[in-house]
Amino acid sequence: MRKLAAGNWKMNGTQSDLAQITQIGAAFDAASVDILICPPAQLLIPAVTASPHVAIGAQDCHASASGAHTGDMSAPQIHDTGATYVIVGHSERRTDHGETDAMVNAKATAAVDAGLIAIICIGETLQDRDNGATLNVLAQQLTGSVPALATAQSTVIAYEPVWAIGTGLIPTLDQIAQAHAFIREHLTAQLGATAADMRLLYGGSVKGSNAADIFAVPHVDGALVGGASLSAQDFAPIITALQNA
């Protein structure tokens, strides 16, 4: 499988920032890994043409293909922009918008049906981890959020401990290894053979200085990067580390 370096710009970025995508594409025009940027919605169309070497994805989609859903964007509309991925179930959506596993499952299904690759996010809170409930939470989220139609070609899983996102905190390598091994095992029981090749990303305060160690962990097939993906200068060392893993 080709590993994946994915950047989530969240609610950051204007047209002037598209130059960062162009710079990444120029620096890694022969990359041995897949590179993805998920900019805010207003940049999807121009971002698609910023570099032929960087895939573009959206940060969310609606579960319906069309309808009276003011302010939302459907998976077919995202596909129409030329984007090829969409993030669903990010912890910020789960927390800020009350998204349930069932809602995430419906969005992931809509994404796959529209020809997009769905990046399904899962992860525990600090309270969950302190209570020893991490694996139970991950099992519940995987069972509820990952649709039965998911395959290695259509779906990516991103493990992001909620308490590590944007905080500078990071699990130990043993904790990451435990979580990713569990996710692989659970997906295999849930989906069968396709789970062996399904890419599992780690996300949460990934940066150039810790990327190589994280990518050396078994079953870590890339990263979903937040703040460090906003500039080519910060994202490039992460991509390099993934290529060298």
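Each value, and the rule that gives it
- Residues numbered from 1 in each chain as written.
- Predicted model: local features only at pLDDT ≥ 70, side-chain atom pairs only at ≥ 80, totals over all residues.
- Heavy atoms only, no water.
- Helix = DSSP H or I, 4+ residues; strand = E, 2+ residues; numbered from the N terminus.
- Buried < 20%, exposed > 50% of the residue type's maximum accessible area, 1.4 Å probe, protein only.
- Contact = heavy atoms within 4.5 Å.
- Areas by Shrake-Rupley, 256 points an atom, 1.4 Å probe, with all protein chains shown as cover.
- Salt bridge = Lys/Arg side-chain N within 4 Å of Asp/Glu carboxyl O.
- Polar contact = N/O pair within 3.5 Å; in protein donor to acceptor, adjacent residues only side chain to side chain.
- Core = buried A, V, L, I, M, F, W, Y, C linked by side-chain atoms within 4.5 Å.
- Axes fitted to C-alpha atoms, helices over the stretch in contact; angles between N-to-C directions.
- Parallel < 35°, antiparallel > 145°, perpendicular 65-115°, else oblique.
- Nonpolar A, V, L, I, M, F, W, Y, C, P; charged D, E, K, R; others polar.
- Expected span 1.5 Å × (residues − 1).
- pLDDT = per-residue confidence, 0-100.

1. Some details on the overall build of the chain
Of the regular secondary structure elements, the chain holds ten helices and eight strands. Looking at the 245 residues of the chain, the share that counts as buried comes to 52%. Here the analysis covers contacts within the chain between residues at least 6 apart in sequence; of these, 72% occur between residues at least 24 apart. Carbon together with sulfur atoms contributes 53% to the accessible area of the chain, which is approximately 10,300 Å² in total.

2. Section: the pattern of salt bridges
Overall, the coordinates contain ten salt bridges when judged by the stated rule. Between arginine 94 and aspartate 101 there is a salt bridge whose closest N-O contact spans 2.6 Å. Take arginine 94 and aspartate 101: they sit in the same class, and that class is buried. Note that glutamate 124 is salt-bridged to arginine 129, the shortest N-O span being 2.9 Å. Taken individually, glutamate 124 and arginine 129 each receive the classification buried, so the pair is uniform in this respect. One salt-bridge network, held together by shared partners, links Asp60, Arg93, Glu99 and Lys107.

3. Considering unusual backbone geometry
The residue serine 205 is not glycine, and still its phi comes out positive at about 60°. A relative accessible area of 18% places serine 205 in the buried class. Positioned with a positive phi, histidine 219 is a non-glycine residue whose angle comes to about 70°. Inspection of the secondary structure puts histidine 219 in the loop between α9 (211-215) and β8 (222-225).

4. With respect to the side chain of serine 154
Here serine 154 is to be found in the loop between α7 (134-145) and β6 (155-159). For serine 154, a relative accessible area of 10% translates into the label buried. At 3.1 Å, the side chain of serine 154 forms a polar contact with the backbone nitrogen of threonine 151. There is a polar contact of 3.1 Å between the side chain of serine 154 and the side chain of threonine 155.

5. Some points on the nonpolar core
Ranked by size, the top nonpolar core spans 69 residues in total, and within it Ile157 and Leu187 carry the most contacts. Ranked by residue count, the leading element in this core is helix α10 (residues 232-244), at seven residues. In this view, leucine 187 contacts Leu142, Val146, Ile157, Gly192, Ala195, Met198 and Leu200; residues no more than four positions away in its chain are not counted. Within the second largest apolar cluster, 13 residues are counted, among which are Leu4, Ile119, Cys121 and Val156.

6. Some details on the packing of helix α5 (residues 101-113) against α7
Describing two packed helices takes the angle between their axes plus the distance from one axis to the other. The geometry of α5 relative to α7 is characterised by a closest axis approach of 7 Å and an angle of 45° between their N-to-C directions. If you check the angle between α5 and α7, you find them oblique. Taking contact as the criterion, the partners of Asp101, Ala102, Val104, Asn105 and Ala108 in α5 are, on α7, Gln140, Gln141, Gly144 and Ser145. Class assignment for the residues of the contact of α5 with α7 results in three nonpolar, five polar and one charged.

7. Observations concerning α10
Given a rise of 1.5 Å per residue, 13 residues ought to cover 18 Å, and the 18 Å separating the end C-alpha atoms of α10 matches this to within 8%. For α10, the complete set of buried residues consists of Ala232, Phe235, Ala236, Ile238, Ile239, Ala241 and Leu242. Looking at the buried residues of α10, the elements they touch are β1 (4-8), α1 (18-27), β2 (34-38), α9 and β8.

8. Focus: the side chain of threonine 134
Counting through the fold element by element, threonine 134 comes out in helix α7. Residue classification places threonine 134 among the buried residues on the basis of a relative accessible area of 6%.

9. A few points about the confidence of the model for the chain
Per-chain confidence: the chain averages 97 in pLDDT, with 100% of residues scoring 70 or above. Put simply, helix α6 (residues 126-130) is where the chain has its lowest mean pLDDT, 93, and strand β3 (residues 55-58) is where it has its highest, 99.

10. Description of the environment of serine 16
As for its placement among the helices and strands, serine 16 is situated in the loop between β1 and α1. On the basis of relative accessible area, serine 16 is assigned to the exposed category, the value being 57%. Separated by 129 residues in the primary sequence, serine 16 and serine 145 place their C-alpha atoms 35 Å from one another.

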